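# Architecture and fold: a report
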Amino acid sequence: MTSPRLDKGVLATPVQRPAPLRDSVYETLLELITRRRLPPGQHLVENELAEQLGVSRQPVREALQRLSNEGWVDLRPGYGAFVHQPSESEAEQLLAVRTLLETEAARLAAASATPEGVERLRELWRAGVAGLERGDSDAMVDRNADLHRSITEMSGNAVLAGLAGQVARRVRWYHGLVVTQRGRESWDEHGRIIDAIEAGDSERAAELMREHTEATRLAYHERAADASAEAEADRAAGL
């Protein structure tokens with residue numbers, strides 16, 4: 001089955017020039033991948049990308065090589081570059097590590113939270129709920145990422161925050177699949193985590209975060225199983 005041509009509307013904004021072009025192209029493509037604007041399996045044709053981004057093919061080629069090195073893109077000799085489709089094993093490993101890191105971050109954050117820090121979490125929570133109410137999935141994904149990052153920063157452990165940050169961008173790709181499915185339940189869980197952090201209850205904050213991240217992990221696997229079943233049904237029907 002051939003991959004569809006890239007929709008020209010996806011890359012409507014040329015990359016910014018001040019940074020080295022390869023870095024700007026890399027950031028642009030990575031953002032589109034993590035937001036699922038470039039879906040798994042999408043064929044990334046160098047000359048199409050170069051034309052739509054307003055650059056030459058060289059920085060595109062360099063960006064694709066970097067994305068391949070980091071596991072976002074698969075380079076297939078004789079066929080080209082394709083957005084990577086994570087396996088169930090990859091998803092399980094990443095989301096399990098996320099649970100470990102963010103559970104500890106919530107525990108530490110509850111022990112060191114300031115009123116200003118808690119208010120920042122509540123601002124992000126309110127923005128996320130507003131996104132939910134207007135059906136803005138991008139806003140929900142962004143505010144979710146901001147809230148989790150703020151909690152890891154509140155932990156006071158720079159190494160933990162750095163590791164969690166490395167994981168977070170990949171997690172955003174998975175969260176984009178389930179953000180609507182999780183909906184209100186997810187933001188209610190966030191609210192209870194913030195309450196525990198504000199109360200200085202480290203054990204409850206950690207337990208609530210563990211349950212929250214586990215719920216997202218299970219929701220992703222359920223969604224992936226449904227998608228696999230749908231694809232198998234389409235194949236059986238000859239679609």
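The present account deals with the structure reproduced in this document. In this text the structure is predicted, and so the values were computed from the model without any measurement. (Residues numbered from 1 in each chain as written. Predicted model: local features only at pLDDT ≥ 70, side-chain atom pairs only at ≥ 80, totals over all residues. Heavy atoms only, no water.)

Right, let's get into the layout of surface pockets. By volume, the second largest pocket is sized at about 310 Å³. Along the walls of the second largest pocket sit 18 residues, with Ala145, Arg149, Gly165, Ala168 and Arg169 positioned nearest its centre. Mapped by element, the contributors of at least two residues to the lining of the second largest pocket are α4 (88–112), α6 (137–154) and α7 (158–199). In terms of residue count, α7 provides more of the lining of the second largest pocket than any other element does, 8 residues in total. (1 Å grid on protein atoms, 1.4 Å probe; cavity = no way out; pocket = protein on both sides within 12 Å on 5 of 7 lines; lining within 4 Å. Points joined across faces, edges and corners; volume = space filled by probe spheres on them. Helix = DSSP H or I, 4+ residues; strand = E, 2+ residues; numbered from the N terminus.)

Another point: the pattern of salt bridges. Under the defined criterion, the tally for this structure stands at 28 salt bridges. The partner of Arg35 in a salt bridge is Glu31, and the shortest N-O contact between them spans 2.7 Å. For Asp142, the salt bridge is made with Arg35, and the minimal N-O distance between the two is 2.9 Å. Of the two residues, Asp142 is situated in helix α6 and Arg35 in the loop between α1 (21–34) and β1 (43–44); the sequence distance between them amounts to 107 residues. What makes Asp142 buried here is its relative accessible area of 17%. What emerges from the salt-bridge pattern is a single network uniting Glu27, Glu31, Arg35, Arg37, Asp138, Asp142, Arg169 and Arg172. (Salt bridge = Lys/Arg side-chain N within 4 Å of Asp/Glu carboxyl O. Buried < 20%, exposed > 50% of the residue type's maximum accessible area, 1.4 Å probe, protein only.)

Time to look at the packing of aromatic side chains. Per the counting criterion, the structure on display carries 2 aromatic pairs. Between Trp173 and Tyr174, the aromatic rings sit 4.9 Å apart at their centres with planes inclined by 80 degrees, giving edge-to-face as the arrangement. Across the pair, exposure class does not vary: Trp173 and Tyr174 are buried alike. Ring centres 4.8 Å apart and planes at 85 degrees place the aromatic pair Tyr174 and Tyr220 in the edge-to-face group. Placement of Tyr174 in helix α7 and of Tyr220 in helix α8 (residues 202–236) is noted, with a sequence separation of 46 residues between them. Residue classification places Tyr174 among the buried positions, given a relative accessible area of 6%. (Phe/Tyr/Trp six-rings, centres within 6.5 Å; stacked < 30°, edge-to-face > 60°.)

One can describe the packing of α1 onto helix α3 (residues 57–69) by two numbers: an axis separation of 8 Å at closest approach and a directional angle of 55 degrees. As the angle between them shows, α1 and α3 are arranged oblique. By crossing handedness, the relation of α1 to α3 is classed as right-handed. In this structure, α1 contributes Leu21, Arg22, Asp23, Val25, Tyr26, Leu29, Leu30 and Ile33 to the contact, and α3 contributes Pro59, Val60, Glu62, Ala63, Leu64, Arg66 and Leu67. Taken together, the residues of the contact of α1 with α3 break down into 11 nonpolar, no polar and 4 charged. (Axes fitted to C-alpha atoms, helices over the stretch in contact; angles between N-to-C directions. Parallel < 35°, antiparallel > 145°, perpendicular 65-115°, else oblique. Left-handed = near helix turned anticlockwise from the far one by under 90°. Contact = heavy atoms within 4.5 Å. Nonpolar A, V, L, I, M, F, W, Y, C, P; charged D, E, K, R; others polar.)

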